[in-house]
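Here's the letter readout for the chains.
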Amino acid sequence: MIRRCLAEGIQFSAGWLLFILGCVTLIAVEKFRVRQWDQVWREQWERKHGRSLDTLRTKKARFLRVFRLGWAIAGAFIVGSEILIGLEVFAPAIRGVTLTELQILEFCRRAEAVILFLSIFLVGGALAVRNLKSGLKKLDELLGRPS
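Residues numbered from 1 in each chain as written. Predicted model: local features only at pLDDT ≥ 70, side-chain atom pairs only at ≥ 80, totals over all residues. Heavy atoms only, no water.

*Asks:* So, the overall build of the chain: which residues are in play, and what are the values?
*Replies:* Secondary structure summary: the chain contains 5 helices and 0 strands in total. Along the chain, helices (α) and strands (β) appear in the sequence α-α-α-α-α when read from the amino end. Within the span of the chain, comprising 147 residues, buried residues form 25% of the whole. A sequence separation of at least 24 residues applies to 78% of the contacts in the chain between residues at least 6 apart. Total accessible area on the chain is roughly 10200 Å²; 66% of this is exposed by carbon and sulfur atoms. (Helix = DSSP H or I, 4+ residues; strand = E, 2+ residues; numbered from the N terminus. Buried < 20%, exposed > 50% of the residue type's maximum accessible area, 1.4 Å probe, protein only. Contact = heavy atoms within 4.5 Å. Areas by Shrake-Rupley, 256 points an atom, 1.4 Å probe, with all protein chains shown as cover.)

Written as structure tokens, this is what we have:
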């Protein structure tokens, strides 16, 4: 059964591909914006918001911690729920009942979904954390702090 799933291959839909491309585009735009930050931008930001740039750095650092925690919780939820669903599909096979074509197809689709969700989740989350860290580093440079 698993060989059959692997032989059919993972089929990505156009919607998932557009979602992935959208995420990558947003991350690239944010990376470009961070590179544009300089002393003039700092002065404009402080005038516009009426606060020190240190406030923005504090908020970004706090968001980074919350994002990492949420990322870990969501990943555990995805993996846990898919394990439970997989057990539900295999419960008849464990009892000795032969799986039907529909049950095998169900397992293959769920396996594809897990692989897709985890790959998007891990890669997207890792890139987002990297962008947040580079933004914090750039803010530290503008504030004159050692990195």
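*Asks:* Mind laying out the packing of aromatic side chains, listing which residues take part and the relevant values?
*Replies:* Taken as a whole, this structure holds 3 aromatic pairs when the rule is applied. Measuring from centroid to centroid gives 6.0 Å for Phe 63 and Phe 67, while their planes differ by 35 degrees, and the two rings are tilted. One end of the pair, Phe 63, and the other, Phe 67, are both in helix H4 (residues 53-94), 4 residues apart, so they sit about a helical turn from each other. Each member of the aromatic cluster is reached from another via a ring pair, and the members are Phe 63, Phe 67 and Trp 71. (Phe/Tyr/Trp six-rings, centres within 6.5 Å; stacked < 30°, edge-to-face > 60°.)

*Asks:* Would you mind going over the pattern of salt bridges in detail, with residue names and values included?
*Replies:* Per the counting criterion, the structure on display carries 6 salt bridges. Here Arg 42 and Glu 46 are joined by a salt bridge, their closest N and O atoms 3.2 Å apart. With Arg 42 and Glu 46 both in helix H3 (residues 39-49) and 4 residues apart, this pair spans about one turn of that helix. Notably, a salt bridge pairs Arg 145 with Asp 140, separated by 3.9 Å at the nearest N-O pair. Arg 145 gets classed as partly exposed once you look at its relative accessible area, which sits at 34%. Each of Asp 54, Arg 57, Asp 140 and Arg 145 takes part in one network of salt bridges that share partners. (Salt bridge = Lys/Arg side-chain N within 4 Å of Asp/Glu carboxyl O.)

*Asks:* Let's hear about the packing of H4 against helix H5 (residues 101-143): which residues, and what values?
*Replies:* H5 packs onto H4 with a crossing angle of 170 degrees between their chain directions and a minimal axis gap of 10 Å. Judged on the interaxial angle alone, H5 and H4 are roughly antiparallel. A per-class count over the contact of H4 with H5 returns 28 nonpolar, 3 polar and 9 charged. (Axes fitted to C-alpha atoms, helices over the stretch in contact; angles between N-to-C directions. Parallel < 35°, antiparallel > 145°, perpendicular 65-115°, else oblique. Nonpolar A, V, L, I, M, F, W, Y, C, P; charged D, E, K, R; others polar.)

*Asks:* Go over H5, please, and point to the residues and values.
*Replies:* Helix length check: H5, at 43 residues, gives a terminal C-alpha distance of 62 Å against a target of 63 Å (1.5 Å per residue), a fit within 8%. Positive backbone phi, at 75 degrees, marks Gly 144, one or two positions downstream of H5. (Expected span 1.5 Å × (residues − 1).)

*Asks:* Before we move on, can you summarise the nonpolar core with the specific residues and values?
*Replies:* Val 34, Trp 37, Trp 41, Trp 45, Leu 53, Leu 56, Leu 139 and Leu 142 form the largest nonpolar core, which has 8 residues in total. Looking at this core, the elements that each hand over two or more residues are H3, H4 and H5. Sequence-distant contacts of Trp 41, that is, excluding residues within four places in its chain, are made with Leu 53, Leu 56, Leu 139 and Leu 142. One finds Ala 61, Val 129, Leu 132 and Leu 136 within the second-largest nonpolar core, a separate group that totals 5 residues. (Core = buried A, V, L, I, M, F, W, Y, C linked by side-chain atoms within 4.5 Å.)

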